[in-house]
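These are the residues of each chain, in order.
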Amino acid sequence: MRTINFTPVFYSEPVLKVRKEVAIFKDSISKYYRSNGLFKAKTLDVSDLILEFFCDEFSRNEISAPYDYKFSVWYMWKLKRMNDLINPKFKENKFDGIVYPGVAMRYKGDNIALIADDLDKKIKFKTAYELLCTEFDFENAIFKYAKIGELESLDTKGNLKWK
């Protein structure tokens, strides 16, 4: 198996208030880039604003229609497009997906969105379970669950058939 490369999309202000480890990481990366003069300060300032905008989109609490996902979808599309432009000798460095805060658990958990290209060489799908989740404690990211279904088969198009 090969390494799976994720890009984090965590730097929204509400997330940084809850996830101190993310705030520390963001601060240390920013200090590193700025103190080593790897980029102009204005370039980093603009980059921070753009990334913060997309992080805010991935951590939105209120979604009223599928259209509300437009910026998140655009971000993933651009990430995939960027992968297509990477020189083949650096193919191991392509992004396989993103990791972003779980809104349902008030940012205390993480979600992962994968780009389907080449994943079969990096991960192997074993099984899936259908769960019924209840008694959510959103403040502590805890809930109860019961297994109500188990995967019987997976066809070549990725469709799941439940037992």
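Every residue gets a number counted from 1 within its own chain, in the order that chain's sequence is written. Per-residue local features are limited, in this predicted model, to residues with pLDDT of at least 70; the limit for side-chain atom pairs, both in listing and counting, is 80 or more; totals at the level of whole chains, interfaces and linings are taken over all residues. Think of the side-chain values as coming from all heavy atoms in the structure, minus any hydrogens and water.

(A) A look at the overall build of the chain. What the chain contains, in helices and strands, is four helices and six strands. A 1.4 Å probe rolled over the protein chains alone gives each residue an accessible area, and that area as a share of the maximum for its type sets the label: buried under 20%, exposed over 50%, partly exposed in between. Burial status across the chain gives 23% buried among its 163 residues. Here the analysis covers contacts within the chain between residues at least 6 apart in sequence; of these, 49% occur between residues at least 24 apart. Working convention for charge: Lys and Arg count positive, Asp and Glu count negative, and His plus the chain ends are omitted. For the purpose of locating charges, the reference atoms are NZ of Lys, CZ of Arg, CG of Asp and CD of Glu. One finds the centroid of the 28 positive side-chain charges in the chain at a distance of 5 Å from the centroid of its 24 negative side-chain charges. Per the convention used, a helix needs a DSSP run of H or I reaching at least four residues, while a strand needs a run of E reaching at least two, with both numbered from the N terminus. By definition, residues are in contact when any of their heavy atoms lie within 4.5 Å.

(B) Focus on helix H4 (residues 70–85). Each helix should span, by expectation, one fewer than its residue count multiplied by 1.5 Å. For H4, which comprises 16 residues, the first-to-last C-alpha distance of 23 Å matches the rise-based estimate of 22 Å (1.5 Å per residue) to within 8%. For H4, the complete set of buried residues consists of Ser-72, Tyr-75, Met-76, Leu-79 and Asn-83. Seen from one end, H4 has its buried residues packed into an arc of 95°, which puts them on one side. Exposed and oriented more than 90 degrees from the buried face of H4 are Val-73, Trp-77 and Leu-85. Here, the arc refers to the directions that run from the helix axis to the C-beta atoms.

(C) Broad picture of the pattern of salt bridges. By definition here, a salt bridge exists when the distance from a side-chain nitrogen of Lys or Arg to a carboxyl oxygen of Asp or Glu is within 4 Å. Counting across every chain of the model gives eleven salt bridges. Between Arg-34 and Asp-48 there is a salt bridge, and its shortest N-O distance comes to 3.0 Å. With Arg-34 in helix H2 (residues 20–35) and Asp-48 in helix H3 (residues 41–58), this residue pair connects regions lying 14 residues apart in the sequence. Through salt bridges with shared partners, a single ionic network connects Arg-19, Glu-21 and Asp-110.

(D) Spatial organisation of the pairing of strand S5 (residues 142–154). Examined bridge by bridge, strand S4 (residues 129–137) and S5 share seven bridges and lie antiparallel to one another. Pairing of Leu-131 across the sheet is with Lys-147, part of S5. At least two DSSP bridges between two strands are required for those strands to pair. Alignment of S5 against strand S6 (residues 160–162), held across three bridges, turns out to be antiparallel. Bridge pairing in S6 links Leu-151 to Trp-162. Here S5 hands over to S6 after five residues, with Gly-158 in that stretch at a positive phi of 90°.

(E) Spatial organisation of the sheet that holds S6. Reading across from one edge, S4-S5-S6 is the order of the three strands in this open sheet, with antiparallel pairing throughout. Edge strands, defined here as strands with exactly one partner in the open sheet, are S4 and S6. Averaged over all neighbouring strand pairs, the angle between strand axes comes to 40°, with direction disregarded. Between N-to-C directions, angles cover 0 to 180 degrees, with each direction set by a line fitted to C-alpha atoms, over the stretch in contact for helices.

(F) Structural view of unusual backbone geometry. Unusually for a residue other than glycine, Arg-106 sits at a positive phi of about 55°. As for its placement among the helices and strands, Arg-106 is situated in the loop between strand S2 (97–101) and strand S3 (110–114). Unusually for a residue other than glycine, Glu-135 sits at a positive phi of about 50°.

(G) Local environment of H2. Compared with an ideal rise of 1.5 Å per residue, which puts 16 residues at 22 Å, H2 spans 22 Å between its outermost C-alpha atoms and is within 8% of the ideal. Following H2 by one or two positions, Gly-37 adopts a phi angle in the positive range, close to 60°.

(H) Seen up close, the side chain of Asp-96. Position of Asp-96 among the secondary structure elements: in the loop between H4 and S2. Asp-96 sits in the buried class, given a relative accessible area of 4%. Contacts of Asp-96, omitting those with residues within four sequence positions, involve Thr-3, Ile-4, Asn-5, Ala-113, Leu-114, Ile-115, Leu-119 and Lys-122.

(I) Expanded view of the packing of aromatic side chains. For Phe, Tyr and Trp, rings pair up if their centres lie within 6.5 Å, where Trp contributes its six-membered ring, and each pair is then called stacked (planes under 30 degrees apart), edge-to-face (over 60) or tilted (otherwise). By the definition in use, this model includes eleven aromatic pairs. Taking the centre distance of 5.2 Å and the plane angle of 80° together, the rings of Phe-53 and Phe-54 count as edge-to-face. Using a relative accessible area of 35% as the deciding quantity, one classes Phe-53 as partly exposed. Owing to a relative accessible area of 8%, Phe-54 belongs among the buried residues under this scheme.

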